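# Per-entry structural report
Listed below are the residues making up each chain.
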Amino acid sequence: MGRSQAVGRGGDPRFGADADDTGCPMLHVDMDAFYPSVEIQRRPALRGQPVIVGGLGNRGVVSSASYEAREFGVRSAMPMMRARALCPHAVFLSPDFEAYTAASRAVMQILRDTTPLVEPLSLDEAFLDVSGARRLLGRPVEIAAKIRARVLDELGLTCTVGVAPTKFLAKLGSTRGKPDGLMVIPAGLVLEFLHPLPVAALWGVGERSAESLQRIGLRTVGDLAQAPISLLRTAVGEASAAHLHELSWGRDPRGVQPEHVDKSIGAEVTFDTDLADPGEIRKTVLALSGKVAARLRAAGHAGRTVSIKIRRADFQTLNRSRTLGSPTDVAREIFDTAWALYAAMPHTGPLRLVGVRVEGLVDGATAARQPELGAPQHGWREAETVIDAVAARFGGAVIRPASLLGGVDQRRTENPS
């Protein structure tokens, strides 16, 4: 199972899979190059090739890159034009968020089979507290190994797991154990592991904060730990100073929060060429409404508020929203509302971006839906549920609204949302 015996920093076995995991109930599971890995699993001929997923147009950005592409310097959030210059022979793919969401659900189910204390952070990573699973499944490091084995055997994907006393340290472990690794940070070696790291390894230290800390001579976590709080305040402010000081000593009291509630679900596109054609804009809003509805149903949600966002060529951004009488996860209802909102907006020139979002989310299984007068017993929602099943088996391009068969303007970049 790949690097199941992956060791820690610099090949130090004290941080590897055979390390002492006493007092290490926190796991951080992080999928390896998730989007490209899902694409490669679906298309095995891509294995071993550099694969880059993201917006393919001139304004596109990289969503994720395989490790083969990263060797050429390609990174997430990089402009796609820069990625093409660095790695012109890569395979470039548009994101398929329905496929990634389906894979994520399968991963999260494996994690919830391990313990109910799972806190998803995104589609491809989550924290687990395995304190209560030890009697049934063994030591934390054994649980981590079993998770990695199931993900590989059942889904054909790899993940890296950090095992540590706290959430912060577990995430550090998975980050530094990548790819396809397992890293343990023993409770007795926390400071030995942590203090040599650069200050940028601390949660909350971005590029600008790191520069501020380095200007006052704080380059490593150990430097920061030994610095007076008053000195830290001058570089990063009151709140961040206290937060970073605690982390520098390995202190992180936060527990796993298993109830993660999405606040909204949306999708948006940035056009490679500013778009003024009302017909193409309408097709785009329809396609986005379909994506949002599918994501709502996949996540088990429905929402009460539909919003639309446009960005004009001069970068002026407008948002409009409307709250419905009952929650919906139906593309037709989302589109009708979004298009009405768009039609009521002041229109002064071509658009750079369009987005559709649904907020006020509730449990889709128990949401009370208001039937329309004279509506058939089985309607749009049933039809769209069938489409979900077809798309899950054969891909999202197999079936779509007839008005999209001519093709929404493909010269555009979908933005993760």
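Here, every reference points to the structure presented above.
Residue numbers restart at each chain and count upward from 1, following the sequence in its written direction. In view of the model being predicted, local features appear only for residues whose pLDDT reaches at least 70, and side-chain atom pairs are presented and counted only at 80 or more, with totals across whole chains, interfaces and linings using the full set of residues. Calculation of side-chain values draws on the structure's entire complement of heavy atoms; hydrogens and water are dropped beforehand.

### Let's talk about the overall build of the protein
In this text, helices come from DSSP runs of H or I with a minimum length of four residues, and strands from runs of E with a minimum of two, each type numbered from the N-terminal end. Scanning the protein from N- to C-terminus turns up 15 helices and 13 strands. For the protein, buried positions account for 49% of its 417 residues. When checking whether two residues touch, look at their non-hydrogen atoms; a contact exists if any pair is within 4.5 Å. For the protein, the proportion of contacts with a sequence separation of at least 24, taken over those separated by at least 6, is 68%. Each accessible area is a Shrake-Rupley estimate made with a 1.4 Å probe; only the visible protein chains count as cover when residues are assessed. With the model as given, the accessible surface of the protein reaches about 19,700 Å², and the carbon-plus-sulfur share is 53%. Think of it in three bands: residues with accessible area under 20% of the maximum for their type are buried, residues over 50% are exposed, and the middle band is partly exposed, with areas taken using a 1.4 Å probe on protein chains only.

### Observations concerning the environment of Arg84
Along the chain, Arg84 turns up in helix H3 (residues 80–86). Taking relative accessible area as the criterion, Arg84 reaches 33% and is therefore assigned partly exposed. Sequence-distant contacts of Arg84, defined by excluding residues within four places in its chain, comprise Leu56 and Phe92.

### Side note on the pairing of strand S1 (residues 26–31)
Counting buried positions along S1 gives 6 out of 6 residues, so the element sits mostly inside the fold. As paired elements, S1 and strand S7 (residues 159–164) share 6 bridges and run antiparallel to each other. Bridge pairing links Met26 to Ala164 in S7. Pairing between two strands requires that DSSP report at least two bridges joining them. As defined by bridge partners, S1 adjoins strand S6 (residues 125–129) across 5 bridges and the pair is classed as antiparallel.

### Details of the packing of aromatic side chains
The pairing test for Phe, Tyr and Trp rings, Trp by its six-membered ring, is centres within 6.5 Å, and the orientation test on the planes gives stacked under 30 degrees, edge-to-face over 60, and tilted for anything in between. According to the stated counting rule, one finds 9 aromatic pairs in the structure shown. With a centroid separation of 5.3 Å and an interplanar angle of 55 degrees, the aromatic rings of Phe15 and Phe193 are classed as tilted. Residue Phe15 is located in the segment before S1, and its partner Phe193 is located in helix H8 (residues 190–194); the two are separated by 178 residues in the primary sequence. For the pair Phe335 and Trp339, a centre-to-centre distance of 6.3 Å together with 15 degrees between the ring planes defines the contact as stacked. With Phe335 and Trp339 both in helix H14 (residues 331–343) and 4 residues apart, this pair spans about one turn of that helix. Among the aromatic residues, those joined into a ring-pair cluster are Phe34, Tyr35, Phe97 and Tyr100. We note Arg84 situated over the ring of Phe92; from NZ or CZ to the ring centre the distance is 4.3 Å. Seen from the ring of Trp339, Arg282 lies directly overhead, with NZ or CZ sitting 5.9 Å from the centre. Placement of a charge over a ring requires the Lys NZ or Arg CZ to be within 6 Å of the ring centre, with the centre-to-atom vector within 35 degrees of the ring normal.

### Notes on the packing of helix H4 (residues 97–114) against helix H6 (residues 140–155)
Under this scheme, a helix contributes an axis fitted over its contacting stretch, all axes are lines through C-alpha atoms, and angles between N-to-C directions fall in the 0 to 180 degree range. Following both chains from N to C, one finds H4 and H6 inclined at 145 degrees, their axes separated by 10 Å at the closest point. Where H4 crosses over H6, the two elements pack in a sense that is right-handed. For the pair formed by H4 and H6, the contact residues are Ala103, Ala106, Val107, Ile110, Leu111, Asp113 and Thr114 on the first element and Ile143, Ile147, Arg150, Val151, Glu154 and Leu155 on the second. Classification used: nonpolar for Ala, Val, Leu, Ile, Met, Phe, Trp, Tyr, Cys and Pro, charged for Asp, Glu, Lys and Arg, polar for all others including Gly. Residue composition of the contact of H4 with H6, grouped by class: 9 nonpolar, 1 polar and 3 charged. Should the near helix be turned anticlockwise from the far one by less than a right angle, the crossing is termed left-handed; should it be turned clockwise, right-handed.

### Remarks on the pattern of salt bridges
The term salt bridge refers to a pairing of a side-chain nitrogen on Lys or Arg with a carboxyl oxygen on Asp or Glu at a separation within 4 Å. Going through the model one piece at a time under the given rule, you end up with 17 salt bridges. A salt bridge links Lys167 to Glu119, with the nearest nitrogen and oxygen atoms 2.7 Å apart. Of this pair, Lys167 sits in helix H7 (residues 167–176) while Glu119 sits in strand S5 (residues 118–122), placing them 48 residues apart in sequence. Neither Lys167 nor Glu119 differs from the other in exposure class; each is buried. Put simply, Arg150 and Glu154 hold a salt bridge, and the shortest N to O gap is 2.7 Å. Taken together, the residues span about one helical turn, with Arg150 and Glu154 both in helix H6 at a distance of 4 residues. The network of salt bridges with common partners includes Glu39, Arg42, Arg43 and Asp96.

So, to be careful, I would describe these as geometric facts and stop short of saying anything about function.
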